[in-house]
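Structural features, examined
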Amino acid sequence: MIQPQMPETKNWSFHRDVEKLGWLTINTPGPVNTLSREAITELEVLVTRFEALAESGELVGVILLSGKDSGFIAGADVSEFDAMSDFSVLPEALKRTHALFARIEKLKIPVVAGIHGFCLGGGLELALACHYRVAVNDDKTRIGFPEVGLGIFPGFGGTGRSIRQAGPVDAMQIMLTGKMLRAGAARGLNLVDKLVRHRDMLRWEARKAVLQKRKSTEAGFLKRVMAMGPLRGYVAGKMKEQAGKKARVEHYPAPYALIELFEAHGNDWKAMIAGEVDAFVPLMGSDTATNLRRVFFASEALKKQGTKGVKFARVHVIGAGVMGGDIAAWCALKGMSVTLQDLDMERIQPALDRGKKLFKKRLRKKHEVDAAVLRLEADPNGKGVSRADVIIEAVVEKLEVKQSIFSGLEDRLKPGAILATNTSSIELERIAEKLKQPERLIGLHFFNPVAQLPLVEVIRSTFNTDAEIGKGAAFALAIGKSPVVVKSAPGFLVNRVLMPYMLGAVQRVEAGESKEMLDAAAVAFGMPMGPIELMDTVGLDVGKSVATELGHGVPEGSQFDRLVKEGKLGRKTGEGFYKWVDGKAQKGEVPAHGDLAGLGRELVKPLVDMTEVVLAEGVVANEGLADIGVIMGTGFAPFLGGPLKARKDGKA
Ligand code: NAI
């Protein structure tokens, strides 16, 4: 078959087969495909050739596939966004991409996208500009618009085309939440037209789609009606109400800008696309988007840490309490075989029960839940120690207990196994001092609740070498957590910065200020939860012991001290500073205050001050790590880029 003359491209390859079908494969540099400026410019040249070949009858259709196992296209190239934020280049670049996608849509021959793995953001926008979409219906396919997480919304025509396909309500929902859909759900929303079971069936099905000239259908009237006439204003109002529950416009403007775009043009998908540019451009260069990109890169960098090639299959956890039990269940959820040890079976059983609940919540299929249950095994006699790749100790916070456990273990360990403690306050050097090989012990400090908080502080003692720390970070990544390496110093990073902030607020409550007002102020500043509600959530007993360990006084007879003595420990006992019903703090009215956000900034100041101290002491290696660690461990306002970035910008 003589191949038509095609331009040289770095990101795409093309060949035409005997049936005159064009096979276009994207394979950009790096582990995932991204739509860089270069890839888009090359696609422009290719599409010009397709137009000519279609006109002369030499091409009957184009099938767009990915050449990478990792998936279709993960989005536009975020590393170009800072440069693209410039008002002088962005509108032009967006309009060019809009024009290109419109040309694909207008091609006289069918263009079919074959999707496997990640099909996100700009990747989904390109797929939506094709005439038909086939996707692999397996566990790996993920389809969605994660742009809101970067402080923007889809800018390559995805707003209008997703509304055209899925109807306004569903399309806006996926754009506003950034939710990633599985292939079946995307089919249900009409973002995908056909499902296949395996990736090797994509080519066959896409070929059929081209030869049969299949074309996707648009959303039906019943769906579109929600964007018509006065209904649209009502729907937009509801969307704003929902958005308001999650984020404030001054912190995260993108969802609101998208809703306004919908309010103006939601009944006309082409007008929606045309309106995208003006609404999108100011967002891209906003402080929020700039900071969220910084957070994105920092969290991506965390994933690149750790020794490569180490495999972890078996984990042994000692201590089946709040933390040990949940760490064990989390590891089993993530595919590890786990043995869980405690003094007796009665203490282990509740952890197994909690584990089962977690598996049922997080795993879709019964056989997956059953397999996870089997992977989590009670082990009161510690038989799993000698087989484990990782041993995590999470027993009571007492030095002698921890020391005696570790010295009993040392001779039974598998060579190379990780030996870790989850201690939150005891220096590692003291726990390790009786070991024959003290360099083996590292800290893996998880956060409560384990299933919800992504951070694991990997604690480095003066005995450790890069080898143990590298393995510890690799293990945290293997169980889907984000590791931040921190020196063994009291409170490490997160507890150290949180304590002065929480205790400062507690003192103000004790001096008579309203707890509701203080909590509302911290939220107005951008924290996910106020400091008093957080203290209740952590547990007043835990808070008091960490505070004492860090040298902060909890005065005898203070309200805090009294509550602890009365067993009012917060959420877990149903009462602390607040009363708790069904997991919710029962709050009274927030007294009027002229500048809640300003008050919040005042409350957060000790946290930011302490982050500076911790950095200066070398507890974390650099500013970027301190910022991402505090964001992940405390929820500190991501749109401000972390405490140090916020201070630099004069915002904290
Ligand atoms: P917990 O009191 O809920 O659980 C401790 C468990 O250790 C109990 O089940 C106890 O029976 C068991 N245990 C005691 N001696 C043992 C031994 N010799 N052999 C086997 N098991 C033994 O305590 P929690 O809260 O789970 O804390 C455990 C560790 O995790 C502590 O070091 C704590 O500082 C740390 N931590 C706690 C956090 C929290 O929010 N609770 C957060 C991060 C770390």
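Calculation rules
Residues numbered from 1 in each chain as written. Predicted model: local features only at pLDDT ≥ 70, side-chain atom pairs only at ≥ 80, totals over all residues. Heavy atoms only, no water. Helix = DSSP H or I, 4+ residues; strand = E, 2+ residues; numbered from the N terminus. Rg over C-alpha atoms; globule rule 2.2 N^0.38 Å. Buried < 20%, exposed > 50% of the residue type's maximum accessible area, 1.4 Å probe, protein only. Contact = heavy atoms within 4.5 Å. Areas by Shrake-Rupley, 256 points an atom, 1.4 Å probe, with all protein chains shown as cover. Near = heavy atom within 4 Å. Polar contact = N/O pair within 3.5 Å; in protein donor to acceptor, adjacent residues only side chain to side chain. Nonpolar A, V, L, I, M, F, W, Y, C, P; charged D, E, K, R; others polar. Expected span 1.5 Å × (residues − 1). Core = buried A, V, L, I, M, F, W, Y, C linked by side-chain atoms within 4.5 Å. Domains from an automatic or database assignment. Phe/Tyr/Trp six-rings, centres within 6.5 Å; stacked < 30°, edge-to-face > 60°. Buried area = accessible area lost by both parts, 1.4 Å probe. Pairing = 2+ DSSP bridges. Axes fitted to C-alpha atoms, helices over the stretch in contact; angles between N-to-C directions.

Quick look at the overall build of the chain
In terms of helices and strands, the chain carries 27 helices and 19 strands. For the chain, whose C-alpha radius of gyration is 27 Å, the value lies close to the compact-globule estimate of 26 Å for 652 residues. Principal-axis analysis of the C-alpha atoms gives the chain an extent of 85 × 60 × 45 Å. A total of 652 residues make up the chain; the buried ones form 54% of that total. Sequence separation of at least 24 residues holds for 73% of the intrachain contacts in the chain that already meet a minimum separation of 6. Entry remark: accessible area of the chain is about 27,900 Å², with carbon and sulfur atoms responsible for 55%.

Things to note about the site of the ligand
In the neighbourhood of the ligand, 21 residues make up the surrounding shell, with Met323, Asp342, Glu397, Lys402 and Ser424 lying closest. Taking Glu397, its side chain carries an N or O atom lying 2.4 Å from an oxygen atom of the ligand. Within the side chain of Asn448, an N or O atom sits 3.4 Å from an oxygen atom of the ligand. When the ligand is considered free in solution it has 830 Å² of accessible area, and contact with the protein chains removes 79% of it. Counting residues per element, the shell around the ligand draws most heavily on helix H17 (residues 399-409), which supplies three residues. In terms of residue class, the shell around the ligand is made up of ten nonpolar, seven polar and four charged.

A closer look at helix H13 (residues 287-303)
The end-to-end C-alpha separation of H13 is 25 Å, in line with the 24 Å expected for 17 residues at 1.5 Å each. Among all positions of H13, only Thr288, Ala289, Asn291, Leu292, Arg293, Val295, Ala298, Ser299 and Leu302 are buried.

Some words on the nonpolar core
The biggest cluster of nonpolar side chains holds 82 residues, and the ones touching the most others in it are Tyr501, Phe560, Phe577 and Phe636. Element by element, the count of residues in this core is highest for helix H20 (residues 494-510), at ten residues. Structurally, this core is a two-domain feature, drawing no fewer than three residues from each of domain 2 (314-488) and domain 3 (495-648). If near-sequence neighbours (up to four positions away) are discounted, Phe577 is found in contact with Val506, Val509, Lys515, Ile532, Met535, Asp536, Leu540, Gln559, Phe560 and Leu563. Ile26, Leu64, Met172 and Val281 belong to the second largest nonpolar core, which has 79 residues in total.

Topic: the side chain of Arg133
In this structure, Arg133 sits in strand E7 (residues 132-136). Its relative accessible area of 0% is what places Arg133 among the buried residues. Among the polar contacts made by the side chain of Arg133, one reaches the main-chain carbonyl oxygen of Leu191 at a distance of 2.8 Å.

Overview of the packing of aromatic side chains
Both the distance between ring centres and the angle between the ring planes are used here to describe each pair of aromatic rings. Summed over all chains, the structure comprises eight aromatic pairs. Plain terms: the ring middles of Phe525 and Phe636 are 5.9 Å apart, the flat faces sit at 70° to each other, and that makes the pair edge-to-face. Pair noted here: Phe525 is in helix H21 (residues 515-525) and Phe636 is in the loop between helix H26 (623-634) and helix H27 (643-648), with a separation of 111 residues, a long-range link. With relative accessibility at 7%, the residue Phe525 sits in the buried group. On the basis of relative accessibility, which here comes to 0%, the residue Phe636 falls in the buried class.

Section: the domain arrangement of the chain
Taken domain by domain, the chain consists of domain 1 (12-285), domain 2 (314-488) and domain 3 (495-648). Computed from C-alpha coordinates alone, the two centres of domain 2 and domain 3 are separated by 27 Å. Contacts between domain 2 and domain 3 engage eleven residues on the former and ten residues on the latter. Both sides together, the interface formed by domain 2 and domain 3 hides about 960 Å², and carbon and sulfur atoms give 62% of it. When the area that domain 2 buries against domain 3 is broken down by residue, the three leading residues are Leu455, Val484 and Lys487, summing to 39%. Seen at the junction of domain 2 and domain 3, the total is one residue pair in polar contact (both at pLDDT 80 or more). Considered class by class, the residues forming the side of domain 2 that touches domain 3 number six nonpolar, four polar and one charged.

Focus: the sheet that holds strand E14 (residues 418-421)
Backbone-to-backbone hydrogen bonds pair the strands of a sheet. The strands run either parallel or antiparallel. What the eight strands build is an open sheet, ordered E12-E11-E10-E13-E14-E15-E16-E17; its pairing is mixed. The outermost strands of the open sheet, each flanked by one partner alone, are strand E12 (376-378) and strand E17 (482-487). Adjacent strand axes in the sheet meet at a mean angle of 25° when their direction is disregarded. The sheet contact formed by strand E15 (residues 441-445) and strand E16 (residues 455-460) spans three bridges and is antiparallel. Across the sheet, residue Leu444 finds its bridge partner in E16, namely Val458. Of the strands in this sheet, strand E10 (314-318), strand E13 (390-393), E14 and E15 are in contact with H17, which crosses E14 at around 170°.

Considerations on the sheet that holds strand E4 (residues 71-73)
Taken together, three strands build an open sheet; the order of strands is E4-E6-E8 and the sheet is parallel. Single-partner strands in this sheet number two, and they are E4 and strand E8 (142-144). Ignoring which end each strand starts from, the neighbouring axes of this sheet average 10° apart. Contacts from helix H4 (residues 122-129) reach E4, strand E6 (118-120) and E8, with the element oriented near 85° to E6.

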